[in-house]
Amino acid sequence: MAICFQVILEGNFQVVVFHTPAALVSARGWEVLSKKTCTMRVCWLVSKDGRHQPIQLAHSVCVLIGRSPETRITDKKCSRHQVQLKADYNKGYVLVKQLGINPSNVNSEDLGRDQEVKLMPGQILHIVNRLYPYTIHFEEESSEKEALPPKRPYKEISPNSSSNTSNKYLKTKGSNPREHHTFNTKPEKKQEKNKDGHTTEDRSNLVTRDFQGMWSQGLKVSMQDPEMQVYKDDTVVVIKDKYPKARFHWLVLPWDSISNLKAVRRDHLTLLQHMHQVGQKLVRECLDSDTLKFRLGYHAIPSMSHIHLHVISQDFDSPCLKNKKHWNSFNTDYFLESEDVMKMVERDGKVAVKDGMAELLKMPLMCHVCQQQQSTMPQLKDHLKKHFA
């Protein structure tokens, strides 16, 4: 019996597909031959001093590394955007570009600002001032998966859809609001034993979470993650905020790449209006919309690249709301109302962000309901319980 095969390139996969006449193969044999053997190349950024789990670098995706909770680097001499990394799976290296003021170092050579060099496997990248060493590691991962039919046409995920992308925040038949406030809990971690017999968290899950949470570029990854998506159409996608600052906190993002409000022009007005309408739809279908108020708006100086509209309930009941900066970013003029932004674009053709906005984050903690000043975040949170008991 003649059997032939072909190698197909699917993204980062090399797929070997076997072909043979169906009449010559038994049912069990066809089941085996109809499988695809896939080899996927993966690049990891590995901390040499074990500060955190390896970070996956996707092919041709720019990732910013620096001072952040994910890298556990707290050195003030290290910028939040110290280096930009871009992996090339085909050529087997990572392009490193220094963005911070203080020098990064590759293979014992200091870089200059905006200088780019290639980081090869085996070489060492020091993030800043010859500290915080990293290396890269390319590896091949093989797996078998069933041959699938062609992809189905694009479909919108509706808030009331029966899609696998669940929307636990919105009204559905027979829903219990208190059963759905689960987004602040940590997901159950898969456990596996390493060679020494110690139990460790599944590395792939850790890397996915770390990669998605990287500063600035995190949204571009999260918006592609079906587990994060709440709603999508041809123009926008809605995701759950990874670190919600209230019981209900969504982000509405356009598929088109727009870095921030400063990049918005008059041509984007229709897009902003659609984003606002989608945000209003989320509010209407929210479980607690009868008892909670919502605001729709943008941060004047966002920490994440890619423009996004916040849709946030005004209870601010969340363990992720931790400090004065978090609070003031939503309860001062630092938070620009969506309707005001649309009016500004319609009138001026752009969004004007006033000088000194960053100073608003340092203002005293004021209750947004009664304007009573509080000394600390714990005191403010206790005070808010009186308004949202």
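Cut-offs and rules
Residues numbered from 1 in each chain as written. Predicted model: local features only at pLDDT ≥ 70, side-chain atom pairs only at ≥ 80, totals over all residues. Heavy atoms only, no water. Core = buried A, V, L, I, M, F, W, Y, C linked by side-chain atoms within 4.5 Å. Buried < 20%, exposed > 50% of the residue type's maximum accessible area, 1.4 Å probe, protein only. Helix = DSSP H or I, 4+ residues; strand = E, 2+ residues; numbered from the N terminus. Contact = heavy atoms within 4.5 Å. Salt bridge = Lys/Arg side-chain N within 4 Å of Asp/Glu carboxyl O. Expected span 1.5 Å × (residues − 1).

A. Spotlight on the nonpolar core. Grouped together as the largest cluster of nonpolar side chains are 36 residues, with contacts concentrated most on Trp-250, Val-252 and Leu-272. Tallying contributions element by element places helix α4 (residues 269-284) first for this core, with seven residues. Ignoring sequence-local partners within four residues, the contact set of Leu-272 consists of Val-264, Tyr-298, Ile-307, Val-341, Met-342 and Val-345. Ranked by size, the runner-up nonpolar core spans 25 residues in total, among them Ile-65, Leu-111, Ile-127 and Val-128.

B. Structural detail: the pattern of salt bridges. Under the counting rule described, the total for this entry stands at seven salt bridges. Between Arg-130 and Asp-110 there is a salt bridge, with its nearest N and O atoms 3.5 Å apart. Of the two residues, Arg-130 is situated in the loop between β11 (125-128) and β12 (131-146) and Asp-110 in strand β9 (residues 109-110); the sequence distance between them amounts to 20 residues. Since its relative accessible area comes to 47%, Arg-130 is described here as partly exposed. In this structure, the salt-bridge partner of Asp-315 is Arg-247, at a minimum N-O distance of 3.7 Å.

C. Geometry of α4. A rise of 1.5 Å per residue sets the reference length of α4, with its 16 residues, at 22 Å; its end C-alpha atoms lie 23 Å apart and thus fit the reference within 8%. Residues Leu-269, Leu-271, Leu-272, Met-275, His-276, Val-278, Gly-279, Leu-282 and Val-283 constitute the buried set of α4. Buried-residue contacts for α4 involve β15 (229-232), β16 (236-240), β17 (249-254), β18 (294-299), β19 (309-313) and α6 (338-348).

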